[in-house]
Amino acid sequence: MSCLLLPNSWSTTILASKERRVIEPRKKQQDAGSTRDRILITNSEIAQPNSIPPLVSALKTCAHQNAATFHFPGHNRGRAAPSSLVHLIGLKPFIHDLPELPELDNLFSPEGPILEAQKLAAKLFGSSETWFLVGGTTCGIQAAILATCSPGDYLILPRNSHISAISAIVLSGVIPKYIIPDYDCLWDITAGVTLSQIEKAIEELHMEGQKLCHSYEIPVIVDEAHGAHFGFHPQLPSSALQQGADLAVQSTHKVLCSLTQSSMLHMSGNIVDRERICRCLQTLQSTSPSYLLLASLDAARAQLSEKPGSIFNNALDLALETKNLIRNIPGISMLGTLGFSNFPVIDPLRLTFGFWQLGLSGFEADETLYSDQGVISELVGTRSITFAINLGTCRDHIQRLACGIKNLSEASLLSFEKIKGQIEDHCGSAPFSDITVCLNPREAFFARKRKVAIGESLGKICGELICPYPPGIPVMIPGETITKKALEYLVLVKNKGATISGASDPLLNSIVICDV
């Protein structure tokens, strides 16, 4: 049996393929496009709900009870809250930090306000069922893979998937079938995968005699961490559910406005066993979920549902204004879709600018923008920086960003010949374009290991999950042969200022290998 994971959270931008039928293998029982059909353009104000959302209301009622409390958490509704944190955030978060009281419902067996809140979210996002997550999208990706794959099954996924997918492979015991995505060396970013690449992967598994399910009606999981806003404005890409995905996991706390670590898992159609999803979520999520996180999901849903077609008007206008302010600054490149002809749709709220014509890495430019204008970006790369426009973005911040980039240009602009040499010297291929898998990630995770000097690791089997962070795309995955290209890339991004995550030696003087 096989399933397919399509991530869009890993890239500095979200690029959508022309080949939309990649996740339209069958007709859905429910109309996944109904959300977009309901969209009406009105005005740009960010709406607040007219009535209190069900879970927010339940939390408010419980917090204001005159109760004699003999339950956890230990701060006892703020009575023993640490003073240092109270001075920072006040008492209200502690007053509303409640456990699983009967009035607040049970996350794993909802019958009251949680169930009602999840049903309202499912209606808004166009899913057949929605689950609230307090373990982030990482938890949702792990649950989706565990719910659709069994040990020994094949998971078709891009090699640049987020580390949460790799951890799910270790937990589930599935065998990865990697697709190597397109790579743009000028920007040092990778794109998504196309229908033809997926069909090729399926055919290769078929030729190898592997079992494929439902005559290719393979469950499609989409890591839509950065796309919870998709489908809610004509200028935004369609959502994964609207394009026919079976499962989509969204970080509601990213572009939408819930609290950090809160996410949603959406299901559409009947190809996936919903009971198995429930069991997997109960296995992975905390038995003491934060009701502040859960209520924030309900509140974010209510905020969006007030004006789903116009809530992003102002953000989209500010994004366009930002482009117009920066596009003509000398030495600054702006990412579009020309470099990825198969991916003509880009998230307009994600702006990526390149700085190589100034002789700067993204890390160097980011440091200057922070020290000069106090600008904090979403994602820094070797060649570029990505800035996220959201519902809270204001014009003053846009002006500071444009001013900072203009100052950067005036101070750093180099001659054309030097620029040309730097561009040519950088171009190559993705660091994982020539991977060889010796052990699947689960086998490598449990294999005996030892540490060797970095110079002695070439050709050995990697025992660590090593990736520059953010965005959390592994350059090395346990079980793969360590290549010269991967080592050189890790040293390059480290020297440019990236943080290396997962390595036992963050200085990269040594590396853990599988001793097999």
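For the structure itself, consult the block above.
Reading the values: rules and limits
- Residues numbered from 1 in each chain as written.
- Predicted model: local features only at pLDDT ≥ 70, side-chain atom pairs only at ≥ 80, totals over all residues.
- Heavy atoms only, no water.
- Helix = DSSP H or I, 4+ residues; strand = E, 2+ residues; numbered from the N terminus.
- Buried < 20%, exposed > 50% of the residue type's maximum accessible area, 1.4 Å probe, protein only.
- Contact = heavy atoms within 4.5 Å.
- Areas by Shrake-Rupley, 256 points an atom, 1.4 Å probe, with all protein chains shown as cover.
- Expected span 1.5 Å × (residues − 1).
- Phe/Tyr/Trp six-rings, centres within 6.5 Å; stacked < 30°, edge-to-face > 60°.
- Lys NZ or Arg CZ within 6 Å of the ring centre and 35° of its normal.
- Salt bridge = Lys/Arg side-chain N within 4 Å of Asp/Glu carboxyl O.
- Disulfide = S-S within 2.5 Å.
- Pairing = 2+ DSSP bridges.
- Axes fitted to C-alpha atoms, helices over the stretch in contact; angles between N-to-C directions.
- Left-handed = near helix turned anticlockwise from the far one by under 90°.
- Nonpolar A, V, L, I, M, F, W, Y, C, P; charged D, E, K, R; others polar.
- Patch = residues over 30% accessible without salt bridge, like charges linked within 9 Å, V, L, I, M, F, W, Y side chains within 5 Å.

Engineer: Could you give an account of the overall build of the protein chain, with specific residues and numbers?
Structural biologist: Check the secondary structure of the protein chain and you find 16 helices and 19 strands. The 516 residues of the protein chain split such that 55% are buried. For the protein chain, long-range pairs separated by at least 24 residues make up 74% of all intrachain contacts whose partners lie at least 6 apart in sequence. Carbon and sulfur atoms make up 52% of the accessible area of the protein chain, which totals about 22400 Å².

Engineer: Account for helix α10 (residues 291-306), with residues named and values stated.
Structural biologist: The end-to-end C-alpha distance of α10, which contains 16 residues, comes to 23 Å, matching closely the 22 Å that a straight helix rising 1.5 Å per residue would cover. Of all 16 residues that make up α10, 12 are buried, and the element is covered over most of its length. Taken as a whole, α10 has its buried residues at Tyr291, Leu293, Leu294, Ala295, Ser296, Leu297, Asp298, Ala300, Arg301, Ala302, Gln303 and Leu304. For α10, the secondary structure elements touched by its buried residues are α2 (54-63), α5 (113-125), β3 (129-133) and β10 (263-267).

Engineer: Mind laying out the packing of aromatic side chains, listing which residues take part and the relevant values?
Structural biologist: Summed over the entire model, instances satisfying the criterion amount to four aromatic pairs. Relative to Phe232, the ring of Phe125 lies with its centre 5.6 Å away and its plane at 85°, an arrangement referred to as edge-to-face. You can see Phe125 sitting in helix α5 and its partner Phe232 sitting in the loop between β8 (220-223) and β9 (247-250), a full 107 residues away along the chain. Given the relative accessible area of 2%, Phe232 is considered buried. Across from the ring centre of Tyr178, 5.9 Å away, lies the NZ or CZ of Arg159, which sits over that ring.

Engineer: Give a description of the pattern of salt bridges that names residues and reports values.
Structural biologist: Counted by the stated rule, this structure contains 11 salt bridges. Two residues, Arg274 and Glu275, come together in a salt bridge whose shortest N-O distance is 2.6 Å. Its relative accessible area of 28% is what places Arg274 among the partly exposed residues. Taking relative accessible area as the criterion, Glu275 reaches 41% and is therefore assigned partly exposed. A salt bridge links Asp515 to Arg450, with the nearest nitrogen and oxygen atoms 3.3 Å apart. In this pair, Asp515 sits in the segment after β19 (510-514) while Arg450 sits in strand β16 (residues 449-453), placing the two residues 65 residues apart along the sequence. The class for Asp515 is partly exposed, based on a relative accessible area of 28%. We classify Arg450 as partly exposed; its relative accessible area is 39%. A single network of salt bridges, built from pairs that share partners, joins Glu129, Arg274 and Glu275.

Engineer: Outline the state of the cysteines, supporting the account with residue identities and numerical values.
Structural biologist: Under the criterion given, the structure shown has one disulfide. Here Cys3 is linked by a disulfide to Cys149, with a sulfur-sulfur distance of 2.3 Å. Of this pair, Cys3 sits in strand β1 (residues 2-7) while Cys149 is found in the loop between α6 (136-148) and β4 (154-158), placing the two residues 146 residues apart along the sequence. Just as Cys3 is buried, Cys149 falls in that class too.

Engineer: Break down the sheet that holds strand β13 (residues 350-354) for me, with residues and values.
Structural biologist: Within the open sheet, the four strands sit side by side as β11-β13-β15-β14. Their pairing is antiparallel. Across the chains shown, the open sheet's two edge strands, defined by having one partner strand only, are β11 (333-334) and β14 (379-380). The sheet contact formed by β11 and β13 spans two bridges and is antiparallel. Residue Ser333 lies in a different strand from β13, and its bridge partner there is Gly354.

Engineer: Give a description of the packing of α5 against α10 that names residues and reports values.
Structural biologist: The geometry of α5 relative to α10 is characterised by a closest axis approach of 10 Å and an angle of 35° between their N-to-C directions. Of the two possible hands of crossing, α5 and α10 adopt the one that is left-handed. Contact residues: Ile114, Ala117, Leu120, Ala121, Leu124 and Phe125 in α5; Tyr291, Leu294, Asp298, Arg301, Leu304 and Ser305 in α10. Its residues assigned to classes, the contact of α5 with α10 comprises nine nonpolar, one polar and two charged.

Engineer: Please give an account of a nonpolar patch on the surface that cites residues and values.
Structural biologist: Together, Leu85, Leu88 and Ile89 line one region of the surface with nonpolar side chains, adding up to about 290 Å² of accessible area. Tracing the chain through its elements places Ile89 in helix α3 (residues 83-89).

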